[in-house]
Amino acid sequence: MDPLEALSFNQRPLPPMKANRHGKARILNQHEYQQLLGALAPKFRVLLKLCCVSGFRISEALSLRKCDLVGDTIIVRKGDTKGKLGTREVPIPPELVLELLALENDGVFFFSGRDGSKPMTRQNADYALRSACKKLGIEGTSWHGTRRYFINTLHHASVPMKVIQKAVGHRHLASTSKYIDVNEDQVRKAVSLLWQAV
């Protein structure tokens, strides 16, 4: 089973999207996600899945060393996080563990650069995603859209915000809240819960 099938909530109207690398990255819908999986090279396909099911920033995903995978958990080192706030542990699906371990790679990192001694550059990952999106006619998304996907999917599945905050490594709940998209149907549904009380 694809790791995203259980997380999909993309039946809602699309929010404003990123344009010319400005604004919020649009969250992929399930069809676009499947198209991208088919268009990306195996290494980038695994990277896309990993970012969608972990909430990793692209720089966090690229900096993952093979020794950071312990069973079905990835250890994100304090020094590899945006704010250097602390180490965190993120579980991933067993199928994705197998895909990570099967990556052809002689380096220390799961996503090694050409010589294997350093991680792949963010620019290389960005180029691969942008090229595939352009080929497929998918606009307004980026690697950061996978992080937004993770946060929004968990939120709309009623996962408590404090749990999501911990999973993505935010210091403040307000940082996590900025990622949440809310549409009018969701507001109406929430408010209607109280209608029977009056």
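The rules behind each value
- By convention here, each chain's residues receive numbers from 1 onward along its written sequence.
- Thresholds applied to this predicted model are a pLDDT of at least 70 for local features of residues and 80 or more for the giving and counting of side-chain atom pairs; totals over whole chains, interfaces and linings are not thresholded and use all residues.
- By convention in this description, side-chain values take in all heavy atoms of the structure and omit both hydrogens and water.
- Strand pairing is assigned whenever DSSP identifies at least 2 bridges connecting the two strands.
- Under the scheme used here, helices are H or I runs from DSSP no shorter than 4 residues and strands are E runs no shorter than 2 residues, and both carry numbers assigned from the N terminus.
- Here a polar contact is recorded for every N or O atom pair within 3.5 Å, except that within protein the pair must consist of a potential hydrogen donor and a potential acceptor, and residues adjacent in sequence are included only if both atoms are side-chain atoms.
- Residues with no salt bridge and a relative accessible area higher than 30% make up the patches, which join like charges within 9 Å and nonpolar side chains (Val, Leu, Ile, Met, Phe, Trp, Tyr) within 5 Å.
- Accessible surface is estimated by sampling points in the Shrake-Rupley manner with a 1.4 Å probe; for residues, cover comes only from the protein chains shown.
- Note on definitions: salt bridges are taken to be side-chain nitrogens of Lys or Arg within 4 Å of carboxyl oxygens of Asp or Glu.
- Take the buried residues of types Ala, Val, Leu, Ile, Met, Phe, Trp, Tyr and Cys, join any two whose side-chain atoms come within 4.5 Å, and each joined set is a nonpolar core.
- Using a 1.4 Å probe on the protein chains alone, a residue whose accessible area is under 20% of its type maximum counts as buried, one over 50% counts as exposed, and one in between counts as partly exposed.
- Between two residues, a contact is recorded if the distance between any of their heavy atoms is within 4.5 Å.

Enquirer: How would you explain the sheet that holds strand β1 (residues 69-70) if you had to name every residue and give the values?
Expert: Spatially, three strands are ordered β1-β2-β3 in an open sheet, and the strand pairing comes out antiparallel. Looking at which strands have only one partner, the edges of the open sheet turn out to be β1 and β3 (88-91). Strand direction decides the pairing type here: β1 and strand β2 (residues 73-76), joined by two bridges, are antiparallel. Looking at the pairing, V70 lines up with T73 of β2.

Enquirer: An account of the pairing of β2 is requested, with residue identities and associated values reported.
Expert: The antiparallel pairing of β1 with β2 creates a hairpin that spans two residues between the two strands, and G71 there sits at a positive phi of about 65°. Both β2 and β3 contribute to a ladder of four bridges, which runs antiparallel. When the bridges of β3 are listed, I74 appears paired with V90.

Enquirer: How would you explain the side chain of R148 if you had to name every residue and give the values?
Expert: Relative to the assigned elements, R148 resides in helix α6 (residues 143-156). Of note is the side chain of R148, whose polar atom sits 2.3 Å from the backbone oxygen of A25.

Enquirer: An account of a nonpolar patch on the surface is needed here, citing residue identities and associated values.
Expert: On the surface, V182, V187, V191 and W195 cluster together into a nonpolar patch covering about 360 Å² of accessible area. Within the secondary structure, V182 is located in the loop between α8 (173-177) and α9 (184-192).

Enquirer: If you had to explain the nonpolar core to someone new, which residues and values would you point to?
Expert: By size, the foremost hydrophobic cluster in this structure holds 39 residues, and its most contacted members are L36, L47, L50, I74, L100 and F111. Within the residue set of this core, elements represented by two or more residues are α1 (30-39), α2 (42-54), α3 (58-62), β2, α4 (94-102), α5 (122-136) and α6. The biggest single contributor to this core is α2, with eight residues. Excluding residues within four positions of it along the chain, I74 makes contact with L50, F56, L64, D68, L69, R88, E89, V90, I92 and L100. Ranked by size, the runner-up nonpolar core spans eight residues in total, among them F150, M161, V168 and I180.

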